[in-house]
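# Structure assessment
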Amino acid sequence: MTVSETTLLKAEDAPSPAPASAPHRRRRTARIRAIVKHVVLIAFGLVMLYPLLWMIASSIKPDALIFREPSLIPTQTDFGHYADGWNALSHPFGVYLMNSAIVVLGALLGNLVSCSMAAYAFARLRFRGRAFFFGMMMVTLMVPIYVLIIPQYVMFSKIEWVNTFLPLIVPKFLATDAFFIFLMIQFFRSLPTELDEAAKIDGAGYWRIYFRILLPISLPALATTAIFTFIWTWNDFLGQLIYLTKPELQTAPVALRNYVDATSGASWGSLFAMSVVTLIPVFIVFLVGQRYLVKGIATTGMK
């Protein structure tokens, strides 16, 4: 067999190169998949947002058209529901918003201080019974809140804290939210222990290490705790309904219930209008803190 014949046979046996259009075909397939995925996500998001968008649209519809027109684009508008709803109850709605702000700020400060201190102790200190107390704290996550309502109410009633903001604020300063303690423990454990050791060599004590070293670099975990505390406390209805029965002390979620009378009749336009007003602070806090929220969850190992 000659050299030319051998070369020809090798050329015939060699795999043929992929057609030139293969990369283009793969890119087109990937583009189609991305488009389909985004269309599905957008459709799913619109389904989830429809009740909220319907409530906003209903807040500017006349009462007669709220349940008659399910469309998100009203054929008639009536912005008077906001003025009517603001003054429909025994006190202006701003009073209830202020009460909610007082409760939220107290709970926010309490959780940030107490939960971060408890997390620092569990994550960075060594003391007798640490594993036992950590396990007991985690067990409290499985206790339903409804089991604790009656004994807590009896206790607060005996010390005459009912119809005050104290039952909703003071427990937050006692590190009663195990979820936030666990969240911060995970964050503190991710920090190198060399920071503590270097600070101890320089003569820093536990309190100085906590305040001057760990807290300044714990902004993502603190922001996550603050955002969740704000949203959960602002939207809390049951606890505030139980302890705040005087109209001048009621918060926004409890006040919204007052738009529905005993016969289940309601001024729906005013109710939806004040519901939109109540949701505005939640949207603002979430949008402002979204970046810290994502970073905080990512850095605390919560997947």
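This text follows the structure it describes.
A brief structural summary. Keep in mind it's a predicted model, so treat the numbers as computed, not measured.

### Concerning the pattern of salt bridges
Side chains that differ in sign of charge can pair as their charged atoms come close. Per the stated rule, a full pass over the model turns up two salt bridges. With a shortest N-O distance of 2.5 Å, D196 and R124 are connected by a salt bridge. Of this pair, D196 sits in helix α9 (residues 194–201) while R124 sits in helix α4 (residues 93–124); the two residues are 72 residues apart in sequence, bridging distant segments of the chain. For D196, a relative accessible area of 8% gives the class buried.

### Some remarks on the packing of α4 against helix α8 (residues 178–190)
Across the interface, α4 lies against α8 with an axial gap of 8 Å and an inter-helix angle of 50°. By the angle between their directions, the pair α4 and α8 is classed as oblique. The two elements α4 and α8 cross, and the hand of that crossing is right-handed. Only F180, I181, M184, I185, F188 and R189 of α8 make contact with α4, whose side of the interface consists of N111, C115, S116, A118, A119, Y120, F122, A123 and R124. Considered class by class, the residues forming the contact of α4 with α8 number eleven nonpolar, two polar and two charged.

### A short note on the packing of helix α5 (residues 130–139) against α8
Two elements in contact, α5 and α8, have axes whose closest approach is 9 Å; the angle formed by their N-to-C orientations is 130°. In terms of orientation, α5 and α8 fall into the oblique class. Along this stretch, α5 crosses α8, giving a crossing that reads as left-handed. On α8, the residues that touch F134, M137 and M138 of α5 are A178, I181, F182 and I185. Its residues placed into classes, the contact of α5 with α8 shows seven nonpolar, no polar and no charged.

Each value, and the rule that gives it
- The written sequence of each chain sets the order in which its residues are numbered from 1.
- Since the coordinates come from a predicted model, pLDDT governs what is reported: local features require at least 70, and pairs of side-chain atoms require 80 or more to be given and counted, while whole-chain, interface and lining totals use all residues.
- Hydrogen atoms and water are omitted, and side-chain values are computed over all heavy atoms in the structure.
- Salt bridge, as used here, is a side-chain nitrogen of Lys or Arg placed within 4 Å of a carboxyl oxygen of Asp or Glu.
- A run of DSSP states H or I qualifies as a helix once it reaches four residues; a run of E qualifies as a strand once it reaches two. Both are numbered from the N-terminal end.
- Between buried and exposed lies partly exposed: a residue is buried under 20% and exposed over 50% of the maximum accessible area for its type, with that area taken using a 1.4 Å probe on protein chains only.
- In this analysis, axes come from line fits to C-alpha atoms, helices being fitted only over the stretch in contact, and the angle between any two N-to-C directions falls in the range 0 to 180 degrees.
- Oblique is the label for any angle not covered by the other classes, which are roughly parallel (under 35 degrees), roughly antiparallel (over 145) and roughly perpendicular (65 to 115).
- Here a crossing is called left-handed whenever its near helix is offset anticlockwise from the far helix by less than a right angle, and right-handed whenever the offset is clockwise.
- Here a residue-residue contact requires only that any non-hydrogen atoms of the pair lie within 4.5 Å.
- Three residue categories are used. Nonpolar comprises Ala, Val, Leu, Ile, Met, Phe, Trp, Tyr, Cys and Pro, charged comprises Asp, Glu, Lys and Arg, and polar comprises the others, including Gly.

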